[in-house]
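Coordinates in review
Single-letter residue listing:
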Amino acid sequence: MTVIHIISYYLLGMNLLGFLFMGLDKWKAKKRAWRIPEATLLLIAALGGAAGAMIGMHLFHHKTRHWYFLYGIPVMLLIHILIALFIWKGPVQFILL
């Protein structure tokens, strides 16, 4: 298994988590239940779940009025894409032994 596979599985999991947490927080907001802290949602997005969080944000119409979500998550996604491109096309080849 290469580092690319490990990174891919990690990003898949984080994006799924970001998507699910956005949906769960929206559901909890409707039920007036205990909410997921905004810092947790942003942390999941920052740690690789920006695409899932952004899809969930727009699909569930959740956190779309907060500027730090509306602009911050797309910026995080752009940074993640740039890092992924650097790892994929960069000068160093990553292989686990």
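Above this text sits the structure in question.
Structural notes, computed from the coordinates.

Calculation notes
- Residues numbered from 1 in each chain as written.
- Predicted model: local features only at pLDDT ≥ 70, side-chain atom pairs only at ≥ 80, totals over all residues.
- Heavy atoms only, no water.
- 1 Å grid on protein atoms, 1.4 Å probe; cavity = no way out; pocket = protein on both sides within 12 Å on 5 of 7 lines; lining within 4 Å.
- Points joined across faces, edges and corners; volume = space filled by probe spheres on them.
- Helix = DSSP H or I, 4+ residues; strand = E, 2+ residues; numbered from the N terminus.
- Nonpolar A, V, L, I, M, F, W, Y, C, P; charged D, E, K, R; others polar.
- Core = buried A, V, L, I, M, F, W, Y, C linked by side-chain atoms within 4.5 Å.
- Buried < 20%, exposed > 50% of the residue type's maximum accessible area, 1.4 Å probe, protein only.
- Contact = heavy atoms within 4.5 Å.

1. Focus: the layout of surface pockets
Put simply, the largest pocket is a space of about 210 Å³. Surrounding the largest pocket, Ile-7, Leu-11, Asn-15, Gly-48, Ala-50, Ala-51, Leu-77, His-80, Ile-81, Ile-83, Ala-84 and Ile-87 form its lining. Broken down by secondary-structure element, the contributors of at least two residues to the lining of the largest pocket are helix 1 (3-31), helix 2 (38-59) and helix 4 (72-89). Ranked by residue count, the leading element in the lining of the largest pocket is helix 4, at 6 residues. Here the residues of the lining of the largest pocket sort into 9 nonpolar, 3 polar and no charged.

2. A short note on the nonpolar core
Soluble globular proteins: nonpolar side chains tend toward being buried together. Formed by Met-22, Ile-36, Leu-41, Ala-45, Ala-50, Ala-53, Met-57, Phe-69, Ile-73, Met-76 and Leu-77, the largest nonpolar core amounts to 11 residues. Elements supplying a minimum of two residues to this core: helix 2 and helix 4. Here this core takes 5 residues from helix 2, the largest share from any one element. For Ala-50, the residues in contact, after removing those within four places along its chain, are Asn-15, Ala-45, Ile-73, Met-76, Leu-77 and His-80.

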